[in-house]
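One-letter residues, chain by chain:
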Amino acid sequence: MPVHAFLMAALFSLAVLTVSPAPAADDIDGAHAGGIDEYKHTAEIKPLAITPSTSTADHSKFKELKGPFASGTEVTEACLSCHNKAGEQFLHSIHWKWEYKHPKTGQILGKKTLVNNFCTNARGNEGMCSQCHAAYNHKSYDFDYQNTGNIDCVVCHDRTGTYYRTPATKGSPACSTMFEGKDPIDWVRVAQNVGMPSRRNCGSCHFYGGGGDNVKHGDLSSVLAAPTKAVDVHMDKDGLNFSCQKCHVTRQHITAGSHYEMAAIDPVGTGKPGERRQASSCESCHGNQPHPIDGLMGIKLNGHTDKVACATCHIPEFAKGGVATKTDWDWRTAGKLKDGEGFYLKNYTQGNGVHRKTYKSIKGDFVYGENLKPLYAWFDGTMRYTTIDTKFDPAKKPISINSFKGSYEDSKSRIWPFKRMHTIQPYDKGNNTLVYMHLWGDDDAAFWGNYDMAKAIAYGMKEAGKPYSGEYGFIDTYSYWPITHMVAPKDEALKCGHCHSKNGRLAKLAGFYMPGRDGWWWLDLLGWLAIFGAIGVSIAHAIARYILCRRKVTEHCKEEEA
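Computed from a predicted model, the values in this text were never measured in an experiment.

J.: I'm lost on unusual backbone geometry in this one. Help?
T.: In terms of backbone geometry, most residues other than glycine have negative phi values and most peptide bonds are trans. Look at the link from Gly67 to Pro68: it is a cis peptide, with omega at 0 degrees. Here the residue pair Lys397 and Pro398 is connected by a cis peptide bond, since its omega of 0 degrees sits within 30 degrees of zero. Structurally, the position occupied by Pro398 is in the loop between strand E10 (383–385) and strand E11 (399–400). One non-glycine residue, Asp339, adopts positive backbone phi at about 55 degrees.

J.: Could you clarify how one ought to interpret a nonpolar patch on the surface in this entry?
T.: Residues Tyr513, Trp520, Trp521, Trp522, Leu523, Leu525, Leu526 and Leu529 make up a contiguous nonpolar surface patch of roughly 880 Å² in combined accessible area. Structurally, Trp520 is set in the loop between strand E15 (472–482) and helix H13 (521–561). By relative accessible area, which is 44% here, Trp520 ends up partly exposed.

J.: It is not clear to me how helix H1 (residues 72–82) should be interpreted in this structure. Could you clarify?
T.: An α-helical turn contains 3.6 residues, so any two residues separated by three or four positions project in the same direction. What H1 keeps buried is the set Gly72, Val75, Thr76, Ala78, Cys79 and Leu80. The inward-facing, buried residues of H1 contact helix H2 (86–90), helix H5 (154–157) and helix H6 (187–192).

J.: Even after reading the chapter, I still don't get the packing of aromatic side chains, so can you show me in this structure?
T.: The description of an aromatic ring pair uses the distance of the two centres, along with the angle that the planes make with each other. Within this structure, the stated rule accounts for 28 aromatic pairs. On the basis of an interplanar angle of 90 degrees and a centroid distance of 6.4 Å, the ring pair of Phe418 and Tyr480 is categorised as edge-to-face. Residue Phe418 is found in strand E13 (residues 414–428), and its partner Tyr480 is found in strand E15; the two are separated by 62 residues along the sequence. The burial state of Phe418 is the same as that of Tyr480; both residues are buried. Among the aromatic residues, those joined into a cluster by ring pairs are Phe118, Trp329, Trp331, Tyr348, Phe366, Tyr368 and Trp481. We note Lys112 situated over the ring of Tyr145; from NZ or CZ to the ring centre the distance is 3.9 Å. Cation over ring: Lys326 sits above Phe366, and NZ or CZ is 3.3 Å from the ring centre.

J.: How should I be thinking about the pattern of salt bridges in this particular structure?
T.: Pairing between side chains becomes possible if they bear opposite charge and their charged atoms approach one another. All chains considered together, the criterion is met by 10 salt bridges. A salt bridge links Lys63 to Glu64, with the shortest nitrogen-to-oxygen separation between them at 3.5 Å. Owing to a relative accessible area of 66%, Lys63 belongs among the exposed residues under this scheme. With its nearest N and O atoms 2.8 Å apart, the salt bridge here joins Arg332 to Asp330.

Thresholds, definitions, all that
- Counting restarts for each chain: residues are numbered from 1 in the order of the written sequence.
- Side-chain atom pairs in this predicted model are given and counted only at pLDDT of 80 or more, local residue features only at pLDDT of at least 70, and totals for whole chains, interfaces and linings cover all residues.
- Working from all heavy atoms in the structure, the side-chain values ignore hydrogens and water.
- What counts as a helix is a DSSP run of H or I of at least four residues, what counts as a strand is a run of E of at least two, and both are numbered from the N terminus.
- Nonpolar side chains (Val, Leu, Ile, Met, Phe, Trp, Tyr) are joined into patches within 5 Å and like charges within 9 Å, using only residues with over 30% relative accessible area and no salt bridge.
- All accessible-area figures derive from a Shrake-Rupley calculation using a 1.4 Å probe, and residue coverage is judged against the displayed protein chains alone.
- For this analysis, a salt bridge means a side-chain nitrogen from Lys or Arg found within 4 Å of a carboxyl oxygen belonging to Asp or Glu.
- Three exposure classes are used, based on accessible area relative to the maximum for each residue type with a 1.4 Å probe and protein chains only: buried under 20%, partly exposed in between, and exposed over 50%.
- Note on contacts: a residue pair is in contact if any heavy atoms of the two residues lie within 4.5 Å.
- Ring pairs are drawn from Phe, Tyr and Trp, using the six-membered ring of Trp, whenever the two centres fall within 6.5 Å, and their geometry is named by plane angle: stacked under 30 degrees, edge-to-face over 60, tilted for the rest.
- Two thresholds decide whether a charge sits over a ring: the Lys NZ or Arg CZ must be within 6 Å of the ring centre and within 35 degrees of the ring normal.

Geometric values such as these leave the question of function open.
What follows is the structure, given as structure tokens:
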């Protein structure tokens with residue numbers, strides 16, 4: 001160990017990596033129409049115990065909500081008759097627009113246009129993807145985003161736990177059984193029992209992004225509906241029990257926090273809970289000097305905040321609580337059939353005992369992981385995206401679906417934790433761009449029905465008006481997801497040695513000198529020579545003192561005898 005490592009103060013605590021790829025005990029080789037049943041999650045979520053409303057109004061008393069209602073749009077009409085500004089406010093929300101112009105890069109982002117490396121694209125698949133859009137009748141790209149009558153108020157405000165959303169359009173016959181057997185929605189009951197959104201309301205979409213529980217983000221799963229302190233210290237159901245809005249402060253239906261534009265650092269850092277921000281931040285509650293100064297340790301920890309994001313130390317693991325996240329996806333194997341039908345395999349049992357699908361005919365092969373260590377990188381909050389129009393060199397793979405920027409020299413950058421998703425997905429070999437795939441529909445071009453990828457890509461690109469060479473291949477891609485949830489209790493935060501060591505968590509993070517990890521051999525040699533030299537001089541000094549003292553005692557004794 002380099003000599004300067006002895007001077008380090010404590011910073012981090014232990015995180016354990018465990019992966020449980022054990023095969024499921026049952027349904028190893030089940031056939032079920034390609035496994036599309038995974039998408040009926042919004043109809044399966046169990047409600048939390050209903051908490052007393054803090055509203056100053058009892059909605060069951062309003063004549064506007066007496067019904068009868070035949071549809072969600074009729075409920076919305078009743079809601080907006082009283083909340084007469086809510087509709088116009090919500091039209092400006094990213095939850096509604098599916099579009100965002102990045103103020104720094106100028107890129108047009110959002111689900112309307114982006115390609116990802118999960119189900120690849122919402123464009124052309126609105127009938128299914130809009131199952132998690134707070135809108136009714138969102139059947140195609142030509143949806144009217146100015147019609148407040150299509151806003152789904154109850155998806156966020158239902159407090160009965162009985163509300164669920166269905167796709168806006170029919171899928172293939174293989175998908176038609178998704179919601180069979182469900183009780184019809186009692187629109188009057190739902191309308192009369194609305195309240196502020198709970199974690200379960202938000203989670204009905206955000207926990208299931210990318211096609212299943214915790215698939216996409218890694219730090220957002222169904223376990224956060226009622227987590228323990230070990231899973232998330234802020235959302236602990238028996239502790240602080242924070243709602244999502246506690247951090248993602250909402251004003252006039254505009255919610256703070258977005259992966260498109262993040263605040264890698266909050267320079268204001270007031271330490272006032274609920275302080276309004278364009279983006280949610282740890283500093284808005286904890287300030288820029290969050291550690292109590294009760295000695296050298298607190299001073300040293302606060303000294304790290306100019307280079308290290310709070311999440312880096314305080315979220316040592318993600319995909320906690322027994323719910324796994326996907327880490328790899330291979331579209332090349334999609335389309336296999338058994339007896340002419342799609343099928344799935346369940347070869348992964350996650351921590352809570354649930355068996356997860358590791359192969360689906362409609363999607364290909366997957367790899368899962370739990371209690372994962374993040375990837376660490378310098379990040380200034382700005383991400384650039386590979387869009388459908390971005391041309392790239394396929395020889396320089398993997399292609400970054402989104403790339404982050406930042407550096408040690410940049411005062412606005414911090415070391416941040418990320419989940420990195422790896423996917424092998426289709427691209428246009430002639431134009432060297434990503435592609436839109438037509439996955440969902442009751443037509444003969446939808447891949448989730450015909451299992452013909454060439455046809456699905458050709459249809460998707462034509463419908464979007466994008467050039468297509470007619471030849472597709474597969475390419476490795478990465479996407480990066482900043483980790484911001486599943487905050488560990490403070491005694492589980494990372495300690496010094498987890499980073500300040502040769503093979504620590506930041507071993508691959510280049511561009512700066514870090515004590516304990518880095519060193520120069522000649523400087524270490526000089527240090528050790530100085531240490532051993534000092535020890536040698538001290539020993540020589542002690543020996544000399546001893547000898548001289550003994551000589552003086554001997555001379556004194558001789559004088560006494562004389």
